[in-house]
Amino acid sequence: MRIDKLLSNALGIGRKEIRQSVKKGLVRCNGNVIKDPSVHVDENNDEIVFCGEAVKYREFVYLMLNKPEGYISATYDKKYPVVTDLVPAEYAHFEVFPVGRLDIDTHGLLLLTNDGDLAHRLLSPKSHVPKTYFVESAKPVKEEDIKIFENGIELEADFTTLPAKLEIASDDKTESLVTIYEGKFHQVKRMFEAIDNEVVYLKRISMGGLKLDQALAEGQCRELTAEELDALCAKNN
Ligand code: URA
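Residues numbered from 1 in each chain as written. Predicted model: local features only at pLDDT ≥ 70, side-chain atom pairs only at ≥ 80, totals over all residues. Heavy atoms only, no water.

K.L.:
So, the overall build of the chain: which residues are in play, and what are the values?
P.N.:
Helices and strands together make up the secondary structure of the chain, namely six helices and 15 strands. In summary, the chain has a C-alpha radius of gyration of 22 Å against a globular reference of 18 Å for 237 residues, an excess of more than 25%. Projected onto its principal axes, the C-alpha positions of the chain cover 70 × 35 × 35 Å. A total of 237 residues make up the chain; the buried ones form 43% of that total. Within the chain, contacts between residues at least 6 apart in sequence are counted, and of these 63% link residues at least 24 apart. (Helix = DSSP H or I, 4+ residues; strand = E, 2+ residues; numbered from the N terminus. Rg over C-alpha atoms; globule rule 2.2 N^0.38 Å. Buried < 20%, exposed > 50% of the residue type's maximum accessible area, 1.4 Å probe, protein only. Contact = heavy atoms within 4.5 Å.)

Below, the structure is given as structure tokens:
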């Protein structure tokens, strides 16, 4: 890879600025000053130093966002703010996109990445990645609703959900945890409609092996740790 491209990607700095720094002798590869920005280096093995600091190249980035309401799960929308508006500028050059969708009024865990293969794997209908939501409902959940969710709910003539888990989470039974294994449009809201109830607040708290960091404020995002990425990539989670 060209050294100016590597530095631009790794540091989020424009190529023009990088080229100027290279020409000023601020870049070293394996201890040698590089003055030609078009020089090719081995991004995996060469030791690159920019202004005295070691540079770590990476192709992909994985961000956990605690999505607030009011944002569309997209990279562009004519009318509403989009979740990528919440990504700090230092990640702009990675061009991340949301992995799947949360409704505009849904809160919580949303993964943003530029790793198309991982996104594809997590979203594939065959993957059945479990997604758990905290739900506040208009009416108390009934014991028999647990069985109805367990049996799967017919949402469309040709679509019945996989068995889903409904756990009551408050004494007044208006708070619950729901785990589903697909990601149909408005799925949790429609499942509650099917039991003659209504979702009034919805927050995703986990996706596969990845759990929402409770310390992450709404609207904030941070990179996944290596352990979180492993947990997300692990099969059968
Ligand atoms: N189910 C819904 O109804 N909405 C979401 O945003 C996610 C799951």
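K.L.:
Describe the sheet that holds strand S2 (residues 32-33), naming the residues involved and giving the relevant values.
P.N.:
With antiparallel pairing, four strands are arranged side by side in an open sheet as S2-S1-S3-S4. A strand with exactly one partner marks an edge of an open sheet, and here the two such strands are S2 and strand S4 (53-54). As paired elements, strand S3 (residues 48-50) and S4 share two bridges and run antiparallel to each other. The residue bridging Val49 from the neighbouring strand is Ala54, located in S4. (Pairing = 2+ DSSP bridges.)

K.L.:
Mind laying out the site of the ligand, listing which residues take part and the relevant values?
P.N.:
Around the ligand, the structure places Leu102, Asp103, Thr106, Tyr133, His186, Gln187, Val188, Lys189 and Leu202. Take Asp103: an N or O atom from its side chain is 2.7 Å from a nitrogen atom of the ligand. Lys189 places a main-chain nitrogen or oxygen 3.1 Å from an oxygen atom of the ligand. With the chains in place, 96% of the 240 Å² that the ligand exposes on its own is no longer accessible. Broken down by element, the shell around the ligand gets its largest block of residues, three residues, from helix H5 (residues 187-194). For the shell around the ligand, the class distribution of residues is four nonpolar, three polar and two charged. Split by domain, the shell around the ligand shows at least three residues from each of two domains, domain 2 (62-125 + 209-234) and domain 3 (131-207). (Near = heavy atom within 4 Å. Polar contact = N/O pair within 3.5 Å; in protein donor to acceptor, adjacent residues only side chain to side chain. Areas by Shrake-Rupley, 256 points an atom, 1.4 Å probe, with all protein chains shown as cover. Nonpolar A, V, L, I, M, F, W, Y, C, P; charged D, E, K, R; others polar. Domains from an automatic or database assignment.)

K.L.:
Describe H5, listing the residues and the values that go with them.
P.N.:
Extensive coverage of H5 is indicated by the burial of six of its eight residues. Against the buried residues of H5 lie strand S8 (131-137), helix H4 (143-150), strand S9 (154-156), strand S11 (165-168), strand S12 (175-180) and strand S13 (199-207). Just past H5, the residue Asp196 takes up positive phi, approximately 60°.

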